[in-house]
Amino acid sequence: MSSYNNTARFSEARRVAIFGGTHGNEMSGVTLVNLWTKNGTEIQRKGVEAVPFITNPKAVEKCTRYVDTDLNRAFTPENLSAPGGNDLPYEVLRAQEINRIFGPKGSPEAYDVIFDLHNTTSNMGCTLILESSKDHFNLQMMNYIKKAMAPASCLVLMNEHPLLKYSTSRSVAKHPVGLEVGPQPQGVLRSNIFEAMRVILKHALDFIELFNEGVEFPPCTVEVFRVLEWIDYPRDANGNIIAMVHPNLQDCDWEPLNPGDPMFHTFDGKTIHYQGSGTVYPTFINEAAYYEKQQAFITTRRETLVASAIIKA
Ligand SMILES: CC(=O)N[C@@H](CC(=O)O)C(=O)O
Ligand SMILES: [Zn+2]
């Protein structure tokens, strides 16, 4: 990327991948990618090679999140360079293969954009996951999607935290874009969630086509929710949870949580209150996949980012 007079210039985004089944039981992405693998007409755009790809076929076959280890945490430098072939965990081997096909991560040869399609059991609605506040291409794309989706809501979760960010499948691309749509139970397809994901991707591909045609996107501001901290369930000395997400918080993703508000409800009927210092916006509330990660929900802070103008170099 180069920039002068504050306009960021990016080479055309020609090589685009659409990942489904990074988690094998998140069915919207699995189904959409399988559909588009059979008939790709819907994802074709002028000057764009859009490649639908099932990232974790073994987990899809078993309809489970992963086989040995979470593929969406596996793209660390250590894993991608680990020797050892077949005695590595399945998802580590798979990450190395994906990195060879769509990366190498961080290299000029890497794919331009990877869309990674996820579902959540949380009541998050339509959410885009951004990994870098400095990625003006993605900021402009997300602004375009938000405007195209309006008045329906489409929020941006920014996972740019020195300690909490993780090495995702999509991170092998220059511009990684997470799509997270819920609520949808694991292993289940809900038509409204499936269609919402399909529409988000349509707008995203439209944006790429316009960008590649040379359309200049003027500076804009984008509201994002920056990840602050992960909150775990209250647990006993043996690590077993002793409380549930409080009814006043359950399904209230993105709604303000103020100090003193109910947060958990213990099995013996007590209420545990949020003790933070200020208003936060919780999300991924009671996500099924996060019990094993000791995460009941995440707190975020609302932030407005400025995206510079962008144009094709
Ligand atoms: C529920 C779920 O799988 N969410 C994704 C979020 C992301 O793609 O960053 C994950 O935990 O990997
Ligand atoms: Zn997922």
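- The chain goes by Aspartoacylase in an unreviewed UniProt entry, where it is assigned to Neolamprologus brichardi.
- Under the UniProt heading Sequence similarities (unreviewed entry), the entry covering the chain gives this text: "Belongs to the AspA/AstE family. Aspartoacylase subfamily."

### Description of the overall build of the chain
Thought 1: Secondary structure summary: the chain contains six helices and 15 strands in total.
Thought 2: Over its C-alpha atoms the chain spans a radius of gyration of 20 Å, differing by no more than 12% from the 20 Å that the globule rule assigns to 313 residues.
Thought 3: For the chain, the spread of C-alpha atoms along the three principal axes comes to 60 × 50 × 35 Å.
Thought 4: When burial is assessed residue by residue, the chain has 55% of its 313 residues classed as buried.
Thought 5: One way to put it: in the chain the 29 positive side-chain charges average out to a point 4 Å from where the 35 negative ones average out.

### Here we look at the UniProt feature "domain: Succinylglutamate desuccinylase/Aspartoacylase catalytic" (unreviewed entry) in the chain
Thought 1: Mapped onto this numbering, the UniProt entry gives "domain: Succinylglutamate desuccinylase/Aspartoacylase catalytic" (unreviewed entry) at residues 13-208.
Thought 2: Helix and strand shares over residues 13-208 are 35% and 19% respectively, and the end C-alpha atoms of the span are 7 Å apart.

### Topic: the sheet that holds strand β7 (residues 154-158)
Adjacent strands of a sheet form backbone hydrogen bonds with each other and so pair up, either parallel or antiparallel.
Thought 1: Strands sit in the order β4-β3-β5-β8-β6-β7-β9-β14-β13 across an open sheet of nine strands; the sheet is mixed. Edge strands, defined here as strands with exactly one partner in the open sheet, are β4 (49-54) and β13 (281-283). Taken pair by pair, the neighbouring strands of this sheet meet at an average axis angle of 30 degrees, ignoring direction.
Thought 2: Where strand β6 (residues 125-130) and strand β8 (residues 175-182) come together, five bridges link them in antiparallel fashion. If you follow Ile129 over to β8, its bridge partner there is Gly178.

### Here's the deal with the environment of Pro104
Thought 1: Relative to the helices and strands, Pro104 is located in the loop between α4 (90-102) and β5 (113-119).
Thought 2: For the pair Pro104 and Val172, spaced 68 residues apart in sequence, the C-alpha separation works out to 6.3 Å.
Thought 3: When sequence neighbours within four positions are dropped, the list of residues in contact with Pro104 reads Asn99, Glu109, Ala110 and Val172.

Definitions and cut-offs
- Residues numbered from 1 in each chain as written.
- Chains lettered and ligands numbered in written order.
- Predicted model: local features only at pLDDT ≥ 70, side-chain atom pairs only at ≥ 80, totals over all residues.
- Heavy atoms only, no water.
- UniProt positions renumbered as here; feature names shortened; annotations may be inferred.
- Helix = DSSP H or I, 4+ residues; strand = E, 2+ residues; numbered from the N terminus.
- Rg over C-alpha atoms; globule rule 2.2 N^0.38 Å.
- Buried < 20%, exposed > 50% of the residue type's maximum accessible area, 1.4 Å probe, protein only.
- Lys, Arg positive; Asp, Glu negative; His and termini not counted.
- Charge placed at Lys NZ, Arg CZ, Asp CG, Glu CD.
- Pairing = 2+ DSSP bridges.
- Axes fitted to C-alpha atoms, helices over the stretch in contact; angles between N-to-C directions.
- Contact = heavy atoms within 4.5 Å.

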